[in-house]
Each structure stands twice: as structure tokens, then as C-alpha cells.
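Next come the chains, spelled out residue by residue.
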Amino acid sequence: MYRKILITTDGSAVSRMTACAGVSFAQQMGAEVLALFVAPEYQYPIYVEIIPPSYPSESEYRAAMQRAGREHTQSIVDACARKNVPCTSLTEFAESAALKIVEVAQQQHCDLIFIGSHGRSGWGQLLLGSVTNKVLSHSRIPVLVHRLLKEPVD
């Protein structure tokens, strides 16, 4: 059914649990995995006239985010290796993580986006501007939301 599944991670506990579930799902489907970390674009400090010496340069920032991306996606790569699921990883930069996730899924010919959610509702969901909600509203390919609940459902 699915040949290539994009699994996103931001390094959080939610995304690590989602990644484990995503890799198991990919194994069941006989699909390959694309592990994606989206880093924020470099921001110049606009509140000062002179950039402080301790502020990283754009190249230093990008190198640090590439390292962070490798670290965050490595758990997905390792889980795929343990389950004999083909996997590649990618770090991208964007102002909007959600739009970049959708863009990468299209560019890489993914059949499914596997993404996590905290399971918030009501005001919590509205105030946070969830990346998951934005992916759901912009994606033209199926999105499977792995929802983490605070309490077990009977």
C-alpha cells in the first residue's frame, strides 16, 4: 500500500515515540522510511546594531543544526536498521516546519507522512498552532497522525 513513508522528528519525546511507531508501521507495510528534521532558518539579531561576538555566524548555525538533525534522525535510522527497513535521513531548513514537511514529502515521492501529536484539544490546540494541524491542512498525500494520549482509553 505505501512504498515510502516520511517520519518527522524534532528531537522531542513525542517525536521519538512517534518514530518508533512509524518504523513499526513501515515494516508492516514493507515500505522504506525517510527520516526528516526541519531546523528553523538562521535569524540575524535585529535588536542590536552590532552582532555580539558570541552570536554564531550563519555557517556555524547551519553546521550546528545539521549535527542536531543527524542526532535526532539517528534513532529512526537505527530503529530501521534493527527492523531491516530501508531508511534515509534528511535535514532541511525552513521558516515553516509544516510547509517544509509537505514540500519534502512531495519532492521525495513519499506516499504517507507519519507525524505525532500531543493530543491537545480546545484552547491548547488553538493557541499552539500545531505543526501537525498545518501539515494536515496543506498535504495532498495521506497523513497518519500518531496521537499520544495522557491517559489510557478504556
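Residues numbered from 1 in each chain as written. Predicted model: local features only at pLDDT ≥ 70, side-chain atom pairs only at ≥ 80, totals over all residues. Heavy atoms only, no water.

Going by the annotation in an unreviewed UniProt entry, the name recorded for the protein is Universal stress protein, with [Empedobacter] haloabium given as the source organism.

S.K.: Please explain unusual backbone geometry as it appears in this structure.
M.R.: Excluding glycine, most residues fall at negative phi; most peptide bonds, likewise, are trans. Residue Asn84 is not a glycine yet carries a positive backbone phi of 55°. Among the structural elements, Asn84 can be located in the loop between helix H2 (58-82) and strand S3 (87-94). With a relative accessible area of 71%, Asn84 lands in the exposed category. The backbone of His109 sits at a positive phi, close to 60°, despite the residue not being glycine. Looking at where His109 falls in the secondary structure, it is placed in the loop between helix H3 (97-107) and strand S4 (112-117). Residue classification places His109 among the exposed positions, given a relative accessible area of 62%. (Helix = DSSP H or I, 4+ residues; strand = E, 2+ residues; numbered from the N terminus. Buried < 20%, exposed > 50% of the residue type's maximum accessible area, 1.4 Å probe, protein only.)

S.K.: Can you help me understand the side chain of Lys4 in this one?
M.R.: Residue placement: Lys4 occurs in strand S1 (residues 4-9). Buried within the structure, Lys4 lacks any salt-bridge partner; Glu32 is the closest side chain of opposite charge, at an N-O distance of 4.4 Å. In this structure the side chain of Lys4 is engaged in a polar contact, spanning 3.0 Å, whose partner is the backbone oxygen of Gln108. In this structure, Lys4 is in contact with Ala31, Glu32, Leu34, Gln108, His109, Cys110, Asp111 and Leu112, ignoring residues within four places of it in sequence. (Lys, Arg positive; Asp, Glu negative; His and termini not counted. Salt bridge = Lys/Arg side-chain N within 4 Å of Asp/Glu carboxyl O. Polar contact = N/O pair within 3.5 Å; in protein donor to acceptor, adjacent residues only side chain to side chain. Contact = heavy atoms within 4.5 Å.)

S.K.: How should I be thinking about the packing of H3 against helix H5 (residues 131-138) in this particular structure?
M.R.: The angle between the axes and the distance between the axes are what describe a pair of packed helices. Interhelical geometry of H3 versus H5 gives an angle of 45° and a closest axis separation of 8 Å. By the criterion of interaxial angle, the relationship of H3 to H5 is oblique. The chirality of how H3 crosses H5 is right-handed. In this structure, H3 contributes Ala97, Ala98, Leu99, Ile101 and Val102 to the contact, and H5 contributes Val131, Lys134, Val135 and His138. Grouping the amino acids of the contact of H3 with H5 by side-chain chemistry returns seven nonpolar, one polar and one charged. (Axes fitted to C-alpha atoms, helices over the stretch in contact; angles between N-to-C directions. Parallel < 35°, antiparallel > 145°, perpendicular 65-115°, else oblique. Left-handed = near helix turned anticlockwise from the far one by under 90°. Nonpolar A, V, L, I, M, F, W, Y, C, P; charged D, E, K, R; others polar.)

S.K.: Help me understand the confidence of the model for the protein, please; the structure alone is not making it clear to me.
M.R.: Residues shown with low pLDDT carry predicted positions that ought not to be read at fine detail. Averaged over the protein, the pLDDT score is 87; the fraction of residues at 70 or greater is 82%. No element of the protein has a lower mean pLDDT than helix H4 (residues 123-128), at 47, and none a higher one than S3, at 98. Predicted confidence is poor over residues 123-129, with pLDDT under 50, and the contacts of this stretch with residues over four places away or in other chains come to five contacts. (pLDDT = per-residue confidence, 0-100.)

S.K.: Explain the packing of aromatic side chains here, please?
M.R.: Here a ring pair, both rings aromatic, is described through the centre-centre distance and the interplanar angle of the planes. Applying the stated criterion to the full structure yields four aromatic pairs. An angle of 35° between the planes, with centres 5.9 Å apart, marks the rings of Phe25 and Phe114 as tilted. Linking Phe25 in helix H1 (residues 13-29) with Phe114 in strand S4, this pair joins segments that are 89 residues apart in sequence. Its relative accessible area of 3% is what places Phe114 among the buried residues. Among the aromatic side chains, those forming a connected cluster through ring pairs are Tyr2, Phe25 and Phe114. Across the ring face of Phe93, the terminal group of Arg62 is positioned such that the distance to the ring centre comes to 3.8 Å. (Phe/Tyr/Trp six-rings, centres within 6.5 Å; stacked < 30°, edge-to-face > 60°. Lys NZ or Arg CZ within 6 Å of the ring centre and 35° of its normal.)

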